[in-house]
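Okay, here's what each chain looks like letter by letter:
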Amino acid sequence: MNGPHDMGGFTGFGPVIPEAGEPVWHHDWEPRAFALVLAMGMTGSWNIDMARHARERQPAMTYWRSSYYEMRHYALILQLVELGLITAMEEEQGKMVVPPKPVKRVPTAAMIPGILASGGPANRPSNRAAGFITGAKVRARNINPSGHTRLPRYARGKLGEVIAVHGTHVFPDSNAHGKGEDPQWLYTVRFTARELWGKESPDSVCIDLWEPYLEAAQ
Amino acid sequence: MPHDGHHHDHDDEGSELSPLALRVKALESLLVEKGYVDPAALDVMIETYETKIGPRNGARVVARAWTDSAFADWLKRDATAAIGSMGYEGRQGEHMVALFNTPETHNMVVCTLCSCYPWPVLGLPPVWYKSMPYRSRAVIEPREVLKEFGVSLPEGKDVRVWDSTAEIRYLVIPERPEGTGGMSEEDLANLVTRDSMIGTGVAKSPA
């Protein structure tokens, strides 16, 4: 979707403001909000692509005005309500009204270090043959899907060169919609700043793109 | 809970909680009441990213790459395994790539679509990394963004911006500063700033 999350190339959001000696958290509620998102993800009720898609489905003005942890909290509520794990009224009152739905697992404190250390690799075996090799000239397709995609708008229709082949990885455009992992070849594609932005520059941008986003170019 | 003088909640004064703080608290009670989360598990997650996982991990990786050419080669070939050998692995670092800065190329990492960041080596991302200004501008005007970090690149040095759109996570290996010939790995690690491993800074020079 062409949502508010697809930020690359915008101007008008002001300067980047680094903060000297930045603390991990800026408000007391942030660590709790952070951990709730992580913990609910660990129940196996959704995958990472569904979580990202819930964030980008926030209304644009909410997305842009909210802090990171705030935006993630709203997306968490959206997912919980959509799946019927809580109701909107329960969220408002902070009290259970309807009984819980079963979830796949509820990790205990003792399980957390192991879960964090093993992570969730995204590479998957596939019988598909790679369509491109390093050095191949490719064009990012001009697609504007209504669902989740990880092809940024600023790269669509642009010509680049494959500089790395990463094997087959879970395809977010499918996985975010519960349509399976559909592993696809993942490449790093380098685009010159001249191609992307039409300016004289020696600089470039490297983007990780799945095969369905790309077509062969001369 | 660290109190750090950085509170910006205008309605978070005294014992009054902001509407958002109340909402987070209410959701936690609800999710605990429903049995979906274990509050003790939340504490372990928070403690992990407050005290155990942070940019000192990445700094040790960089210092080793500077002093051990076999390790640097391993990082170039298989950063996930090389970094994993130092005990830094897992969530948001499952597929690592190390980007070596050179006299010709400066690398800089962004996630324009969300806030992807290599947690096992750098910890949780700073606010600016997740902010709209950085996410929007890093790809279109990286040199202007670098200037806001006080970094001006010499003529002839190209900028390569890496947009983390997939599950590959990037760690920049900054150039080793001049005059650090005899320094220990530990002293070298102290010169490696978090920003130098994102590519919005360079390593510090020895005092």
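Residues numbered from 1 in each chain as written. Chains lettered and ligands numbered in written order. Predicted model: local features only at pLDDT ≥ 70, side-chain atom pairs only at ≥ 80, totals over all residues.

Caption draft 1: Broad picture of the overall build of chain B. Along the backbone of chain B there are eleven helices and four strands. By principal-axis analysis of the C-alpha atoms, chain B measures approximately 55 × 35 × 35 Å. Residues counted as buried form 51% of the 207 residues belonging to chain B. A fraction of 69% describes how many contacts in chain B between residues 6 or more apart in sequence connect residues 24 or more apart. (Helix = DSSP H or I, 4+ residues; strand = E, 2+ residues; numbered from the N terminus. Buried ≥ 20, exposed ≤ 12 C-beta atoms within 10 Å, placed from the backbone. Contact = placed C-beta atoms within 7 Å.)

Caption draft 2: Here's a closer look at the pairing of strand E1 (residues 95-100) of chain B. All names here are of chain B. The element E1 is extensively covered by neighbouring structure, given that five of its six residues are classed as buried. Sheet analysis places E1 next to strand E4 (residues 168-173), joined by six bridges and oriented parallel. Counterpart to histidine 95 in the pairing with E4 is isoleucine 168. (Pairing = 2+ DSSP bridges.)

Caption draft 3: Fine view of helix H1 (residues 19-33) of chain B. All names here are of chain B. Taking 1.5 Å per residue as the helical rise, H1 with its 15 residues ought to reach 21 Å, and the 21 Å between its terminal C-alpha atoms agrees with that figure. Taken as a whole, H1 has its buried residues at Leu20, Arg23, Val24, Leu27, Glu28, Leu30 and Leu31. Looking straight down H1, one finds that the buried residues subtend no more than 165° of arc, so they occupy a single side. Glycine 35, located one to two residues past H1, shows a positive phi value of around 80°. (Expected span 1.5 Å × (residues − 1). Arc of directions from axis to C-beta.)

Caption draft 4: Geometry of the sheet that holds strand E3 (residues 158-163) of chain B. One open sheet accounts for seven strands, arranged E5(A)-E1(A)-E2(A)-E3(A)-E4(A)-E3(B)-E2(B); its pairing is mixed. Strands at the two margins of the open sheet, each flanked by one partner only, are strand E5 (214-216) of chain A together with strand E2 (105-110) of chain B. Strand-to-strand, the axes of this sheet are offset by a mean angle of 35°, without reference to chain direction. (Axes fitted to C-alpha atoms, helices over the stretch in contact; angles between N-to-C directions.)

Caption draft 5: View of unusual backbone geometry. Here the phi dihedral of aspartate 182 of chain A falls at roughly 35°; this positive angle occurs in a residue that is not glycine. Taking the C-beta count within 10 Å as the criterion, aspartate 182 of chain A has 17 such neighbours and is therefore assigned partly exposed. Of note in this structure, glutamine 92 of chain B is not a glycine but carries a positive phi near 65°. Relative to the helices and strands, glutamine 92 of chain B is located in the loop between helix H5 (79-84) and E1.

These figures capture arrangement, not role.
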